[in-house]
Amino acid sequence: MSSNTSNKPLASISLDLDNKWAYLKTAGNPKWESFPSYLNLCVPRFLDFFDKFNIKSTIFIVGQDAVLEKNHDAIRSIAEAGHEIGNHSFHHEPWLHLYTTAQLEKELKDTESSIETITGQKPIGFRGPGFSLSNEVLRTLMRRGYVYDCSTFPTYLGPLARLYYFFRSSLSNEEKEDRKELFGRARDGFQTNEAYQWTWRGRRLIEVPVTTMPFLKSPIHGSYILYLGKFSTTLAKMYFWTALKLCKLMQIEPSLLLHPLDFMGQEDDDDLAFFPAMDQPAQKKIDLLSDCMEMLVSNFEVVNMKEHVRRADEYLLPVRSINKAPEGLDEELVRAR
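Definitions and limits used
Residues numbered from 1 in each chain as written. Predicted model: local features only at pLDDT ≥ 70, side-chain atom pairs only at ≥ 80, totals over all residues. Heavy atoms only, no water. Salt bridge = Lys/Arg side-chain N within 4 Å of Asp/Glu carboxyl O. Helix = DSSP H or I, 4+ residues; strand = E, 2+ residues; numbered from the N terminus. Buried < 20%, exposed > 50% of the residue type's maximum accessible area, 1.4 Å probe, protein only. Core = buried A, V, L, I, M, F, W, Y, C linked by side-chain atoms within 4.5 Å. Contact = heavy atoms within 4.5 Å.

Participant: Sorry, what's going on with the pattern of salt bridges here?
Facilitator: Pairing between side chains of opposite charge can happen when their charged atoms approach one another. All chains considered together, the criterion is met by 20 salt bridges. A salt bridge links Lys25 to Glu93; its shortest N-O distance comes to 3.0 Å. Placement of the pair is Lys25 in helix H1 (residues 20-26) and Glu93 in the loop between strand S3 (84-87) and helix H5 (101-119), with a sequence separation of 68 residues. Just as Lys25 is buried, Glu93 falls in that class too. Connected via shared salt-bridge partners are Glu105, Glu112, Glu136, Arg139, Arg143 and Arg144.

Participant: Would you mind showing me how to read the environment of Asn135 here?
Facilitator: Tracing the backbone through its elements, the reader meets Asn135 in helix H6 (residues 135-143). A relative accessible area of 0% places Asn135 in the buried class. For the pair formed by Asn135 and Trp198, sequence separation is 63 residues and the distance between their alpha carbons is 9.8 Å.

Participant: For this particular structure, what's the right way to read the nonpolar core?
Facilitator: Here is a general trend for soluble globular proteins: nonpolar side chains tend to be buried in one another's company. Leu17, Val43, Phe46 and Phe49 are the most contacted members of the largest nonpolar core, which has 60 residues in total. Broken down by element, this core gets its largest block of residues, 8 residues, from helix H11 (residues 282-299). Residue contacts for Val43: discarding those within four places in its chain leaves Leu17, Ala74, Ser77 and Ile78. In this structure, Leu133, Leu141, Tyr146 and Tyr196 belong to the second largest nonpolar core, which totals 17 residues.

Next comes the structure, spelled out in structure tokens:
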């Protein structure tokens with residue numbers, strides 16, 4: 001789709017820097033309230049990983065982590081290594097669709113301020129925690145001058161992932177109600193894998209979905225590949241290789257997602273045993289990710305989200321307009337003319 005100086009098609013890679021407390025909070029574990037952190041452990045690991053493959057990624061940072069001094073060195077090291085910094089909300093609550101406009105404004109503003117203070121970068125991209133998104137989130141991003149969003153996850157399997165998460169957690173019924181759209185809805189599988197743009201009152205925002213397997217719409221992000229690897233590393237690698245081949249065949253520029261726990265294992269943290277593949281050794285997981293990354297860089301030119309968006313914007317992207325009606329009732333997909 002996009003022109004580049006390489007003979008390879010384009011791909012991007014990003015990482016959501018969800019911290020330990022964020023996972024515990026989503027799972028309903030009260031230990032989250034002291035904001036336990038593993039950033040000093042996992043950040044050097046994924047920075048070394050990206051450096052090994054000469055990749056500059058986009059790291060989406062949670063504002064609450066950026067205001068805590070114990071995390072400053074780790075976060076600063078990400079920017080110093082040349083990676084783009086994105087906004088991953090302040091409180092990491094996967095129910096942004098329940099926020100008021102005022103709450104969303106504060107959520108974004110506070111994260112921007114804390115990130116810019118430490119890294120010197122003002123985020124231009126956003127990903128909602130748990131792929132949480134609404135029309136009002138999009139409008140707020142546009143009002144605040146964001147260039148892109150990447151909160152959409154076009155898969156049919158979101159509800160199954162949510163049920164698995166609920167089963168492994170200790171959430172109350174009220175907490176489950178707040179999280180009822182965690183990982184999205186089954187109908188999200190009908191959404192596109194390709195970049196498009198949102199428009200509203202003369203403003204625009206480019207959307208780059210987290211890529212899923214063409215046709216099947218099953219996940220292909222790091223945590224899912226590692227989950228498959230529990231059963232067979234050969235199967236996991238074949239699955240990923242198939243996804244890349246289908247992306248090339250369909251001329252889809254994949255945008256792939258990683259998480260900190262992709263670089264951590266059972267020896268690193270007992271509290272997170274409920275998370276998929278956290279019963280595996282860290283080195284086994286990193287080795288599998290390395291094999292997959294080798295496939296990716298061999299077949300695609302890998303860039304960060306900012307560059308992916310810049311190249312996508314060279315073309316007439318499909319347009320999805322946001323009107324005035326309430327969330328979920330007002331989206332109309334039209335083709336750019």
